[in-house]
Amino acid sequence: MEDKWVVNLSSRNLSTAEVFVLQKGLNFAPSPKNIPIKRLQYNKTTRIDYDSAAELRARITGALKSAKPPKNNIFKEERDALYTLKKDRSITILPADKGRATVVLDPEQYDRKINALLDSGDTYVKLKKDPTKTYQNKLIKFLKDFKSEGNLSDYKYSKLYPSSCCVPSFYGLPKVHKEGAPFRPIVSSINSVTYESAKYLAYILNVLIGKSKHHIKKRIKSLCLEPGEIQISYDVSALFTSIPVDSALDVAKDLLEKDTSWKEKTELTADQVIQLLEFCLSTTYFVFRGQFYQRCGGCAMGSPVSPVIANLYMEHFEFTALRNSPVKPSVWLRYVDDTYVIIRQTDVEIFTEHINSQNSHIKFTSESEVDGYLAFLDTKV
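The shown structure was predicted, so the numbers you read here are calculated from the model rather than taken from an experiment.

Undergrad: Could you clarify how one ought to interpret the overall build of the chain in this entry?
TA: Of the regular secondary structure elements, the chain holds 14 helices and 14 strands. Dimensions along the principal axes, computed over C-alpha positions, put the chain at roughly 70 × 60 × 50 Å. Taking all 381 residues of the chain together, the buried fraction comes to 44%. At a minimum sequence separation of 6, the contacts of the chain that also span at least 24 residues come to 73%. Carbon and sulfur atoms make up 51% of the accessible area of the chain, which totals about 21900 Å². Positive and negative charge centroids in the chain, built from 54 and 45 side chains respectively, lie 7 Å apart.

If you want it as structure tokens, here you go:
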């Protein structure tokens, strides 16, 4: 069980109780010994008058004081182990990139792997100062223009306005299913300058994805292999950061012109959507350990709209690649950057070379079935 649910890559030995509590996963919440009344009280009173708010707080406090704590869901040894792990600064605990495993690392290991990502080639450049204010002013100008042209309501303007902005933060998640557990780079952009605008764009553009016959939601049942065929999965290496932004914008613009269903979700024009989209995708800065960086190329990591754009671009990519392929798989079903394929075994090498020659930015790795089973999206097919 330890190897499956708890991957200890640190130099520290874990006790049995520590392993057991970590096996519960990082979303596990131990039951409190007492009802945390002060933490549960809500003091915001902007939507109701002061007297009503005070009365409401008193009634809630009374209900909380009379409430009984939930039954204990953790043994004493595990609770003690949890306390020890929380206080131990000699280890870093984080989730694996895929699956539900919990990974334990030495802090030096974590920093070394992160720095290896940040120092790799020309992918990232260091910035001399925080560019948040510059991006904030630029976005405000866009929003003011959209509002003055009658395409953005007062409510939506207020919703998208970047008033209090957090700097996107960089971290990594270990790919424990791969040799050496390399990190997947992640950027948390919650409450950043572009966060609300990117969410709005994702809401607008989401209606355009999933219409391809190769989307995995379209066909998930009744798949069978003919004699000579095998199952194989393809994974796009670093998809979000490999997407060429200019090409992705061209794909998005073309779809906005052909499919008008998105107009039911916004009053923005197609040109305004593209203008805002380009800004969100190209705002690729973040901070790590107090140092500001800018990513060179690719879509903004952590942006809510990047998965949507990645899907739109990959639908365009796969349509062209499959149409022009000298050999064709009988099944090609994709979920974002993971693709399930059924193809004749004799065609695998030719087909793999073909899809990897279509675009200098988009490169696929592959895994074949073993003993008739293929690991795909955390399942066995």
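Following the structure, the description resumes.
Undergrad: For this particular structure, what's the right way to read the packing of aromatic side chains?
TA: For the structure on display, the rule yields 18 aromatic pairs. With a centroid separation of 5.6 Å and 85° between ring planes, the pair formed by Tyr124 and Phe286 is classed as edge-to-face. Taken together, the positions of Tyr124 in strand S4 (residues 124–126) and Phe286 in strand S8 (residues 285–288) put the pair 162 residues apart, joining distant regions of the chain. Neither residue differs from the other here; Tyr124 and Phe286 are each classed as buried. Plain terms: the ring middles of Tyr340 and Phe376 are 5.8 Å apart, the flat faces sit at 55° to each other, and that makes the pair tilted. With Tyr340 in strand S11 (residues 338–344) and Phe376 in strand S13 (residues 375–376), this pair connects stretches of sequence that are 36 residues apart.

Undergrad: Before we go on, may I ask you to explain the sheet that holds strand S12 (residues 364–368) in this structure?
TA: One open sheet holds the four strands; their spatial order is S10-S11-S7-S12, and the pairing between them is antiparallel. Two strands lie at the open edges of the sheet, namely strand S10 (331–335) and S12, each paired on one side alone. Neighbouring strand axes in the sheet, compared pairwise and without regard to direction, differ in orientation by 25° on average. The sheet strands contacting helix H13 (residues 306–324) are strand S7 (229–236), S10 and S12, and the helix crosses S10 at an angle near 165°. Against the sheet, helix H14 (residues 348–355) contacts S7, S10, S11 and S12, and its axis sits at roughly 20° relative to S7.

Undergrad: Whenever I open this one, the layout of surface pockets confuses me. Can you help?
TA: A probe matching the size of a water molecule, rolled over the atoms, marks out where space remains unfilled. Counted as a void, the largest pocket has a volume near 1500 Å³. Residue lining of the largest pocket: 50 residues in total, with Asp97, Lys98, Lys175, His177 and Arg184 positioned closest to the centre. Breaking the lining of the largest pocket down by element, the ones donating at least two residues are helix H1 (2–5), strand S5 (169–174), strand S6 (183–188), S7, helix H10 (239–242), H13, S12 and S13. A total of five residues in the lining of the largest pocket trace back to one element, the largest contributor, which is S6. Taken together, the residues of the lining of the largest pocket sort by class into 23 nonpolar, 13 polar and 14 charged. In this structure, the second largest pocket occupies an estimated 570 Å³ of space. Those elements giving two or more residues to the lining of the second largest pocket turn out to be helix H11 (245–258), H13 and S10. With six residues, H13 is the single largest residue contributor to the lining of the second largest pocket. A class-by-class count of the residues in the lining of the second largest pocket yields 10 nonpolar, four polar and nine charged.

Undergrad: Teacher, can you tell me more about the environment of Phe146 here?
TA: Residue placement: Phe146 occurs in helix H7 (residues 132–148). For Phe146 and Gln272, which are 126 residues apart along the polypeptide, the C-alpha to C-alpha distance reads 7.5 Å. Filtering out sequence-adjacent residues up to four positions away, Phe146 remains in contact with Asn151, Leu152, Leu268, Gln272, Gln275 and Leu276.

Undergrad: Looking at this structure, I do not really get the side chain of Ser192. What am I missing?
TA: Within the secondary structure, Ser192 sits in the loop between S6 and helix H9 (195–205). In this view, Ser192 contacts Cys165, Cys166 and Pro168; residues no more than four positions away in its chain are not counted.

Undergrad: Is there a simple way to think about unusual backbone geometry in this case?
TA: Phi is mostly negative for residues that are not glycine, and the peptide bonds are mostly trans. One non-glycine residue with positive phi stands out, namely Ala238, at about 50°. For Ala238, the location among the structural elements is in the loop between S7 and H10. Given a relative accessible area of 45%, Ala238 falls into the partly exposed group. The residue Val336 is not glycine, and still its phi comes out positive at about 55°. Note on placement: Val336 falls in the loop between S10 and S11. Accessibility expressed as a relative area gives 16% for Val336, which makes it buried.

Undergrad: Could you clarify how one ought to interpret the sheet that holds strand S2 (residues 92–95) in this entry?
TA: Across the sheet, three strands lie side by side as S1-S3-S2; this open sheet has mixed pairing. Only two strands of the sheet have a single partner each, and these edge strands are strand S1 (6–8) and S2. With strand direction ignored, the average angle separating the axes of adjacent strands in the sheet is 20°. For S2 and strand S3 (residues 102–105), the ladder comprises four bridges, and the chain directions are antiparallel. The residue bridging Thr92 from the neighbouring strand is Leu105, located in S3. Strand contacts of helix H2 (residues 16–23): S1, S2 and S3, with the helix running at about 130° to S1, the strand carrying the most contacts.

Conventions adopted
Per chain, the residues get numbers from 1 upward, laid out in the order the sequence is written. Local features are withheld for residues below a pLDDT of 70 in this predicted model, meaning they are given only at 70 or higher, and side-chain atom pairs are given and counted only at 80 or more; totals for whole chains, interfaces and linings count all residues. The side-chain values count all of the structure's non-hydrogen atoms but skip hydrogen atoms and water molecules. Numbering goes from the N terminus for both helices and strands, where a helix is a DSSP run of H or I of at least four residues and a strand is a run of E of at least two. Note on classification: 1.4 Å probe, protein chains only; a residue is buried when its accessible area is under 20% of the maximum for its type, exposed when over 50%, partly exposed between these limits. By definition in these notes, contact holds between two residues if any of their heavy atoms fall within 4.5 Å. Here the accessible surface of atoms and residues is derived via Shrake-Rupley with a 1.4 Å probe, and residues count as covered only by protein chains that are part of the display. This count recognises Lys and Arg as positive and Asp and Glu as negative, with His and chain-terminal groups excluded. Note on charges: their place is set at NZ of Lys, CZ of Arg, CG of Asp or CD of Glu. Centres within 6.5 Å make a pair out of two Phe, Tyr or Trp rings, where for Trp the six-membered ring is used; the pair is then stacked when the planes are under 30 degrees apart, edge-to-face when over 60, and tilted otherwise. Any two strands with at least two DSSP bridges between them are considered paired. To define axes, lines are fitted to C-alpha atoms, for helices over the stretch in contact only, and angles between the resulting N-to-C directions are given on a 0 to 180 degree scale. Here a cavity means grid points, on a 1 Å grid over the protein atoms only, where a 1.4 Å probe fits yet cannot get out; a pocket means an open set of points with protein on both sides within 12 Å along at least five of seven lines; lining residues are those with an atom within 4 Å of a point. Grid points are joined across faces, edges and corners, and a volume is the space filled by probe spheres set on the points. When residue character is reported, Ala, Val, Leu, Ile, Met, Phe, Trp, Tyr, Cys and Pro are called nonpolar, Asp, Glu, Lys and Arg charged, and the others, Gly included, polar.

Just distances and angles here, no functional claims.
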